[in-house]
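Chains, contacts and geometry: an overview
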Amino acid sequence: MAKLLLLQTSHLTSPLHRSAVTAILSVPKPFPIPSPLSRLPFLRHSLRGPLALSSSSSLREPSRNFSAQAFDSSSSEAKTGDEKEQRLEKDGKENDSEVKVNSEAVKISDEVYPSGEFQFEKPGLWKTFVVKLRMLVALPWERVRKGSVLTMKLRGQISDQLKSRFSSGLSLPQICENFVKAAYDPRISGVYLHIDSLNCGWAKIEEIRRHILDFRKSGKFIVAYVPVCREKEYYLACACEEIYAPPSAYFSLFGFTVQASFIRGVLDKVGIEPQVERIGKYKSAGDQLIRKTMSKENCEMLTALLDNIYGTWVDEVSSAKGKERENVVEFINEGVFQIEKLKTDGWITDIQYDDEVISMLKDRLGVQKDKILSLVDYRKYCKVRKWTLGLLGGKDQIALIRASGSISRVRGPLSSPGSGIVGEQLIEKIRSVRESKRYKAAIIRIDSPGGDALASDLMWREIRLLAESKPVVASMSDLAASGGYYMAMAANTIVAENLTLTGSIGVVTGKFNLGNLYEKIGFNKEILSRGKYAELLAAENRPFKSDEAELFARSTQRAYQQFRDKAAFSRSMSEDKMEKVAQGRVWAGKDAASRGLVDAIGGLSRAVAIAKQKANIQQDRKVTLVELSRPSPTLPEILSGIGSTLVGVDTTVKALLQDMTFSEGVQARMDGILFERLEGTSSSNPIFGLIKDYLSSL
């Protein structure tokens, strides 16, 4: 019943000015934070890690031809220093620019990647005629009135996965696809966006913003309505032509903060001693348990991330609103919240209620006052096929594999489809792409804080094998940290957004010594064992013995070295150079690119363009993206969707149910602490429930 603890925390995945951030092996999705000790089962080694923006700059592109000997434990030590130096020397000849990292030069490639920028092509007469014919025979749910306005309400969480019609919530790929379809749909006159409180990372925000700007190239209007507006909401809204807000709108554009929480004082009071072994001075999950204040290294890391977010926001907003950077900084520091002043100073277009905006759109489109403006909502428009609009791909196919959520090796009994990355299932998809001759290239779309170390390594191996047979591009969304980065580094090329949280190459393990707590509550536990280290993972009622602590430390060090060395090998870097950018540090995408952890900055469209380049497909030639992660609704998912609609059951409740049920492998905690059960360990011990109730009452 002794458990090994892998500690991890969220890295700015929730709204930055609201989230408590502690950098570690993994950064789960933003959830309400429960009692940190609501699950005490022991943790094994795990890889978990940590917002994101995009540009079209070109960055490091070393030539990587992966060998089938994918860094097995037997071959890792066989790599000699001479071989590494030869590889680095070869890369150095291809690069002629550099940046400084810890006073040492790191090369950046000058190879220009294709930008993948959207180019609106006005349909010709023949294509227009064909599209009109298809609309005549379109299915009933695909029919849209001419002169309609597409409305989308962007609120809450946004998933990087495709959603079935029975699933609740928003889907990033479907939002982006709707923008593309609306740009070419002759029946759609414009887009009316309702932007409310958003709960997603900055990479998704930037991807949506990019598609807003792309849609504007069609010449159609797009206006935003923002009843509640913070930094993320305004960042999206300022990309639209016009911004409207009601007189009572909540505006709080006051800047950004980042927070780190520490529970050592709470643990001391209840008699719990955390024994933490961490490798990497920036691995701050241990700080959460063993410190009462922020460490110098953690402060340095979080400050760098905060500066990246703040600087990017100020730059993009100043560009969108046609203002000087100093004016935007001054505006933030004034603490303006009055809607009237926002209009006077040009930050919003006008102050109007929703019905007034709709009346304004009716006048713009020439709709009579006694007529109703035809509005098409997000869900209905998702049913319109690209075929109907003549938006077909080419004969060349590129496989797109989406990997979102926490990493586990096998599916748990209460896991729903799309609830996370299941190693076994993803490996099957990767193998199917490798064995098929249909696909010219593959894109692995990653939005993961990490998870099970074994599952991460197995997927890394399969991606490397796939990269030997055809080009593989890793496209990072909000998160690709620790275990998420483990997957990405197996690809030939890595593309990230400016503020993608990535890296976090480090490990933290430990256990709770509950001896003092047991004594306080009158609980006793005795263990009979055979074997010198048999109680290492079983005796949570006492601290480590000296020889146990030594073994524990060596095991942790070994886990870190394997991760770091594979990262160095995959990225064609020496282990010494990788050590300087590893150490558990979380990097923003653009900083990771300047340090060789990422190759290019951009979104999914750029990843597609690079995949075409690597597969020797001309950039002006259309390709077909084949989604291998399309949702297939099951009865539990249908019932779950109905339940969510009727009684408000959300992902928090589902996660709680999952956590209460036995499952092998890593269990991701929504408060950023990862707990992993021993196989065969019962989760029904009443003591843990008692501790949970006690801590919940504090």
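Residues numbered from 1 in each chain as written. Predicted model: local features only at pLDDT ≥ 70, side-chain atom pairs only at ≥ 80, totals over all residues. Heavy atoms only, no water.

**Observations regarding the packing of aromatic side chains**
The cut-off we apply is this: Geometry of aromatic contacts follows a simple scheme: Phe, Tyr and Trp rings, the Trp one being its six-membered ring, pair when their centres are within 6.5 Å, and the pair is stacked under 30 degrees between planes, edge-to-face over 60, tilted otherwise. Note on conventions: DSSP H or I runs of at least 4 residues are helices, E runs of at least 2 residues are strands, and numbering of each starts at the N terminus. Under the scheme applied here, a residue whose accessible area is under 20% of the maximum for its type counts as buried, over 50% as exposed, and between as partly exposed, the area being computed with a 1.4 Å probe on protein chains only. A ring has a charge above it when a Lys NZ or an Arg CZ is no more than 6 Å from the ring centre and no more than 35 degrees off the ring normal.
Counted according to the given criterion, the structure contains 15 aromatic pairs. Pairing Tyr486 with Phe563 gives two aromatic rings, centres 5.0 Å apart and planes at 10°, and the pair type is stacked. Of this pair, Tyr486 sits in helix α16 (residues 483–488) while Phe563 sits in helix α18 (residues 546–570), and the two are 77 residues apart along the sequence. Exposure remark for Tyr486: the relative accessible area of 5% places this residue in the buried category. One Lys or Arg, Arg364, reaches over the ring of Phe221 and ends 5.3 Å from the middle of that ring.

**Thoughts on unusual backbone geometry**
The residue Ser504 is not glycine, and still its phi comes out positive at about 55°. Along the chain, the position of Ser504 falls in the loop between β23 (501–503) and β24 (507–513). Residues other than glycine seldom take positive phi values, yet Asn616 does so here, at roughly 60°. Its place among the elements puts Asn616 in the loop between α21 (604–614) and β27 (624–627). A relative accessible area of 72% means that Asn616 is categorised as exposed.

**Considerations on the packing of helix α4 (residues 172–184) against helix α5 (residues 202–216)**
Formally: To obtain an axis, a line is fitted to C-alpha atoms, over the contacting stretch when the element is a helix, and the angle between two such axes runs from 0 to 180 degrees between their N-to-C directions. Angles are sorted into four bins: roughly parallel if under 35 degrees, roughly antiparallel if over 145, roughly perpendicular if 65 to 115, and oblique for all others. Residue contacts are counted whenever heavy atoms from the two residues lie within 4.5 Å of one another.
At a minimum axis separation of 9 Å, α4 and α5 run at an interaxial angle of 5°. By the angle between their directions, the pair α4 and α5 is classed as roughly parallel. Residue-level inspection shows Leu172, Ile175, Cys176, Phe179, Val180, Ala182 and Ala183 of α4 in contact with α5, the latter providing Lys204, Glu207, Ile208, His211, Ile212 and Phe215.

**A few points about the state of the cysteines**
Using the following cut-off: Two cysteine sulfurs form a disulfide in these notes if their separation is within 2.5 Å.
Summed over all chains, the structure comprises zero disulfides. Free cysteine: Cys238, not disulfide-bonded; nearest cysteine sulfur from Cys240 at 8.3 Å. With relative accessibility at 4%, the residue Cys238 sits in the buried group.

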